[in-house]
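Fold and contact review
The residues making up each chain are set out below.
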Amino acid sequence: MASMNIKELLDKYVMETITAEETRELFRQLDSQEQLPVINEYVDAYFNSSEADEISNPELRNRILDRLRLAIESSLPQATRPVSRFSTGRNSRVIRFRRFAAAASIILVLGLVTWLIIVKNEGTKPINAIVKTDIPAPQNTRATITLADGRVITLDSVNAGTLTQQSNITVTKTTDGKIVYSGSGDLSREAVYNTLNNPRGSKVVDVTLTDGSHVWLNAGSSITYPVAFIGNERKVSITGEAYFEVSHDASKPFFVSKGELQVQVLGTHFNVNAYDDESEIKVTLLEGSVKVSNDADTKMIKPGEQAAAVSHSPFTIHHSPDLGQVMAWKNGMFEFSKTDLKTIMRQVSRWYDVEIVYESTPKTDLFGGGLSKNLPLSEVLQLLEGNGVKFIIEGRKLYVR
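So, here is what we can say about the structure in this document.

Analysis parameters
- Residues numbered from 1 in each chain as written.
- Predicted model: local features only at pLDDT ≥ 70, side-chain atom pairs only at ≥ 80, totals over all residues.
- Heavy atoms only, no water.
- Helix = DSSP H or I, 4+ residues; strand = E, 2+ residues; numbered from the N terminus.
- Expected span 1.5 Å × (residues − 1).
- Buried < 20%, exposed > 50% of the residue type's maximum accessible area, 1.4 Å probe, protein only.
- Polar contact = N/O pair within 3.5 Å; in protein donor to acceptor, adjacent residues only side chain to side chain.
- Salt bridge = Lys/Arg side-chain N within 4 Å of Asp/Glu carboxyl O.
- Pairing = 2+ DSSP bridges.

Turning to helix α7 (residues 341-352), a few remarks are in order. Between its terminal C-alpha atoms α7 stretches 16 Å, which fits the 16 Å expected from 12 residues at 1.5 Å a residue. The buried count for α7 comes to 9 of 12 residues, which makes it a mostly enclosed element. Within the span of α7, buried status applies to L341, T343, I344, M345, V348, S349, R350, W351 and Y352. For α7, the side-chain oxygen to backbone nitrogen distance between the N-cap and K342 is 3.1 Å, and the N-cap itself is D340.

This part covers the pattern of salt bridges. The tally for this structure, following the rule as stated, stands at 12 salt bridges. Of the charged contacts in the structure, one is a salt bridge between D353 and R142, with a shortest N-O distance of 3.7 Å. Placement of the pair is D353 in the loop between α7 and β21 (355-358) and R142 in the loop between β1 (130-131) and β2 (144-146), with a sequence separation of 211 residues. With a shortest N-O distance of 2.8 Å, K258 and D276 are connected by a salt bridge. Of the two residues, K258 is situated in strand β12 (residues 254-258) and D276 in the loop between β14 (269-274) and β15 (281-287); the sequence distance between them amounts to 18 residues. Residues joined by salt bridges that share partners form a network here, namely D277, E278, R346 and R350.

Moving on to the pairing of strand β4 (residues 161-166). Where β4 lies against strand β5 (residues 169-173), 5 bridges are found, and the strand directions are antiparallel. Bridging across to β5, G161 finds its partner in K173. In this antiparallel pair of consecutive strands, β4 and β5, the connection spans 2 residues, and S167 shows a positive phi of 50 degrees.

If you want it as structure tokens, here you go:
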């Protein structure tokens with residue numbers, strides 16, 4: 001690839017003409033702290049351009065700019081952060097991006113620049129949702145561990161420390177709520193299985209397995225795994241959505257299954273979205289190499305690619321998926337890009353544990369943007385409303401008009 005400067009790559013990203021190779025180069029350049037101030041200039045230039053004219057509401061425009069500036073400055077080293085020219089009021093709600101890498105944080109910022117407004121030329125029309133009872137974002141982890149003997153440990157009701165011991169394996173809850181399995185295990189016995197269940201309306205929970213592999217579970221998801229891996233394979237099964245950072249072991253491949261889907265790796269980072277109410281199962285690879293298979297197809301995917309398939313059908317390989325959108329759930333964000341209302345509502349339903357009731361056929365408008373998952377439901381709905389979409393919250397039901 002011919003050398004391209006960062007502004008050319010940013011232009012391609014915003015215009016959605018960037019290739020997978022160029023995306024990797026953009027991430028590489030953004031990993032340099034020296035490049036981060038370029039984003040400040042880029043955002044300022046964007047808001048002075050004709051493309052920004054779609055944001056006709058001055059208050060909304062200023063709020064977006066404040067959020068972008070704070071997100072950018074939070075990615076800079078403390079000593080080099082500029083004094084912001086933009087202020088937020090005491091009662092302002094600011095979206096703050098969790099930084100899992102400098103580049104990934106900036107990609108989320110660019111996603112906001114491009115798609116915080118509805119993907120139509122009509123612009124946004126803020127309308128207050130009708131709120132009879134608001135629903136806050138999940139405040140704790142409601143996850144449970146079901147042990148091999150049927151006992152259930154409710155994680156938010158136990159203190160940090162040792163939870164139990166099984167087959168010479170110690171299960172520990174850390175002070176920040178993570179679950180860790182440690183020990184050598186009794187390899188002379190048959191495998192003993194546990195299930196970690198993270199229900200709807202629960203914060204993301206993560207577990208470290210005995211081989212050192214790390215798994216994060218989204219709301220409405222579960223994983224079943226052996227307390228200690230026995231034999232020449234490591235096998236787990238999931239429901240819902242999970243992100244894996246698998247510890248490398250060339251002699252013992254790692255398998256993730258969901259129904260007919262099987263993902264085989266040696267050591268890699270990848271995301272599996274396999275909710276029963278989604279039309280497709282999606283496997284997105286961030287690092288390493290993955291083989292995906294079902295009863296109709298087998299494919300190898302490379303870093304930055306996504307394999308998607310409906311039941312009993314061959315995989316479609318997407319070579320440039322929006323990695324920021326794929327990983328947003330793990331980083332405390334809703335991130336949408338040309339997303340239809342029903343897809344958004346399924347995510348809202350799982351996170352806030354509400355039942356979605358459509359009072360008429362949903363509109364086919366496409367939405368985009370990013371916002372914090374720490375917001376109460378009413379504030380999320382206010383950002384989604386417009387173009388004829390209205391919401392009413394009644395108890396645990398969300399009515400969509």
